[in-house]
Number of protein chains: 2
Amino acid sequence: MTTMPSFDQWMKAVQAEMEDALLRHLPATQQIPVRLHEAMHYAVLDGGKRVRPLLVHAAGALFDADARELQRAAAAVEMIHAYSLVHDDMPCMDDDALRRGKPTVHVQYDEACALLVGDALQSQAFDVLSSGNLPPERQLAMVRLLAQASGSLGMCGGQAIDLDSVGLQLTLEELERMHQLKTGALLRVSVLLGALAGKALNDDETAALDAYAAATGLAFQVVDDVLDATADSATLGKTAGKDAADNKPTYVSILGLEQSRALAEQLCVDAHRALQPFGEKARRLRELADLIVQRKA
Amino acid sequence: MTTMPSFDQWMKAVQAEMEDALLRHLPATQQIPVRLHEAMHYAVLDGGKRVRPLLVHAAGALFDADARELQRAAAAVEMIHAYSLVHDDMPCMDDDALRRGKPTVHVQYDEACALLVGDALQSQAFDVLSSGNLPPERQLAMVRLLAQASGSLGMCGGQAIDLDSVGLQLTLEELERMHQLKTGALLRVSVLLGALAGKALNDDETAALDAYAAATGLAFQVVDDVLDATADSATLGKTAGKDAADNKPTYVSILGLEQSRALAEQLCVDAHRALQPFGEKARRLRELADLIVQRKA
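First, a word on what this report is: a plain description of the structure on this page. What you see is a predicted model; the values in this text were computed from it and never measured.

Criteria and thresholds
- Residues numbered from 1 in each chain as written.
- Chains lettered and ligands numbered in written order.
- Predicted model: local features only at pLDDT ≥ 70, side-chain atom pairs only at ≥ 80, totals over all residues.
- Heavy atoms only, no water.
- Salt bridge = Lys/Arg side-chain N within 4 Å of Asp/Glu carboxyl O.
- Buried < 20%, exposed > 50% of the residue type's maximum accessible area, 1.4 Å probe, protein only.
- Helix = DSSP H or I, 4+ residues; strand = E, 2+ residues; numbered from the N terminus.
- Axes fitted to C-alpha atoms, helices over the stretch in contact; angles between N-to-C directions.
- Parallel < 35°, antiparallel > 145°, perpendicular 65-115°, else oblique.
- Left-handed = near helix turned anticlockwise from the far one by under 90°.
- Contact = heavy atoms within 4.5 Å.
- Buried area = accessible area lost by both parts, 1.4 Å probe.
- Polar contact = N/O pair within 3.5 Å; in protein donor to acceptor, adjacent residues only side chain to side chain.
- Nonpolar A, V, L, I, M, F, W, Y, C, P; charged D, E, K, R; others polar.

Describing the pattern of salt bridges
Now for step 1: Per the stated rule, a full pass over the model turns up 32 salt bridges over all chains.
Now for step 2: A:Glu205 is the partner of A:Lys199 in a salt bridge, and the nearest nitrogen-oxygen pair spans 2.7 Å.
Now for step 3: For A:Lys199, a relative accessible area of 26% gives the class partly exposed.
Now for step 4: One salt bridge in this structure joins B:Arg100 and B:Glu78, with 3.9 Å as the shortest N-O distance. One end of the pair, B:Arg100, is in the loop between strand E1 (98–99) and strand E2 (102–103); the other, B:Glu78, is in helix H4 (residues 67–88), with 22 residues separating them in the sequence.
Now for step 5: Beyond isolated ion pairs, a larger network of salt bridges with shared partners links A:Glu19, A:Arg50, A:Glu78 and A:Arg100.

Focus: the packing of helix H8 (residues 155–165) of chain A against helix H6 (residues 111–130) of chain B
Now for step 1: Two elements in contact, H8(A) and H6(B), have axes whose closest approach is 10 Å; the angle formed by their N-to-C orientations is 165°. Regarding the angle of H8(A) to H6(B), the classification is roughly antiparallel. Read as a crossing pair, H8(A) and H6(B) show a hand that is left-handed. In contact with A:Cys156, A:Gln159, A:Ala160 and A:Leu163 of H8(A), H6(B) contributes B:Ala112, B:Leu116, B:Asp119 and B:Ala120.

A closer look at the interface of chain A and chain B
Now for step 1: Contact residues are listed per partner, giving 44 residues for chain A and 44 residues for chain B.
Now for step 2: In total, about 3,800 Å² of surface goes out of reach between chain A and chain B, with carbon and sulfur atoms giving 71% of it.
Now for step 3: When the buried area of chain A at its contact with chain B is split by residue, A:Leu116, A:Leu140 and A:Ser152 rank highest and sum to 15% of it.
Now for step 4: The interface formed by chain A and chain B contains 0 salt bridges.
Now for step 5: At the surface where chain A touches chain B, the tally comes to 12 residue pairs in polar contact (both at pLDDT 80 or more).
Now for step 6: Within the residue set of the side of chain A that touches chain B, elements represented by two or more residues are helix H2 (34–44), helix H4 (67–88), helix H6 (111–130), helix H7 (136–150) and H8 of chain A.
Now for step 7: Ranked by residue count, the leading element in the side of chain A that touches chain B is H6(A), at 11 residues.
Now for step 8: Among the residues forming the side of chain A that touches chain B, the class breakdown is 23 nonpolar, 14 polar and 7 charged.

This is the structure:
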């Protein structure tokens, strides 16, 4: 019997495999149009903590999902995430020049290219996810879930609310709702796609995973706000203090630092509780919730 | 026995039904975020000739496809088309203020909103297409075809080549290749999705429909270039003479007006020939090829 790898070993292995999977699921840079494909690779490869792919794989462990199908689902979610960052950084949105310690896509290439990179990455995500080898009915449900998590009632809707909220005083409930869409929807679908790569889910399983994803997703955002207010740009790999400078409502601006940290801890407890029905199989999901709350960047 | 409606009657009926179908497949404007949903409706509804939906329905007639499933496929393709126009009109791309006789989305709303409208419409297209009631394996194949037609090896790739070609002297072959991706890929997938809504296709059927779509798609672009060079903005509902002003290579700039018109006629003949195996069932596809070559706007 082999011993289970440590969380850190598991995480590094998933991250390394993801790099290969993303490369495999992107068009090669030799293909025409070369510059667009190079920019797509620039936007996706060699960057980020791969939180969403880690969630896909951790949820896949619940039902012993096939590794190739998990990589496919994780690549699709990560492409959606990467496209949203590219568009988010553009001058008409957040106008950010630095991302993961590198120039953003519109700075490195140009704005028109960044626009097309985002558009093409979204298409690529649906191409990748619809090309899997799971039972077609389940594969189709996964495509539908990803589309809904990405669109105007998911991530894009959250972005729109975020833009409309600049300079406004949001209540805690309004802030939470915005984040449930803006980042929560994609984190939730990461968990669901990972589990669905293993088997069709019953209502109890879906509800438990939703509760886990909701708590973890919100914790992720609370910690993001805390880090934006306390860490420096070099540690974050992106411009720190942006939220306050942009006059954006955050957990820190509403609750203050200490209460925000306490909320993140409580959400982590909630996430653990939601996983109880899954027993030891949920180990990686538990460890990920801990990581998300304890991360420093 | 009822007499078959005229082409004009058929076309107007499809266009009217499409308006209902698009409305049904978009999130309601009352839903939060209201402004984003209003802008999505603004971008999609009450506009355009609905060429792609007409192709979907015309191809659906080959195999007596279910009307609801055709509307779903047509709505998905039209949302992809509409999103591409919204992004294409933005200042960092074509910087166009007028579309279908109305202010473009970034003018009517703002740039950030236009960016999100396009992003959300793309997601919505995949949500709509993956929610159909066809056999899951075929539905999944349709999603995959749409994703491939939209991405960097399809429409987005054509846009990128178009941008890279400004100010360059393209050969006829390079121009054709650009258009095969930029507009041809989505026209082709319209024909294939319509046919697939009816039944799974064998290789001969796919090849015949591809030949039809290639000829019709190219004819569409040649006529577009002719109209841009000869019609006025009021007739076109968009800014005329843009191509020459932007120093973009076109069929007219390479072949001249008369040869461009002759090419469009020849492509129409090719389109008719490709449809021979389908007999009388291909009537609407034939009529559409004629319309595309003879249109004045």
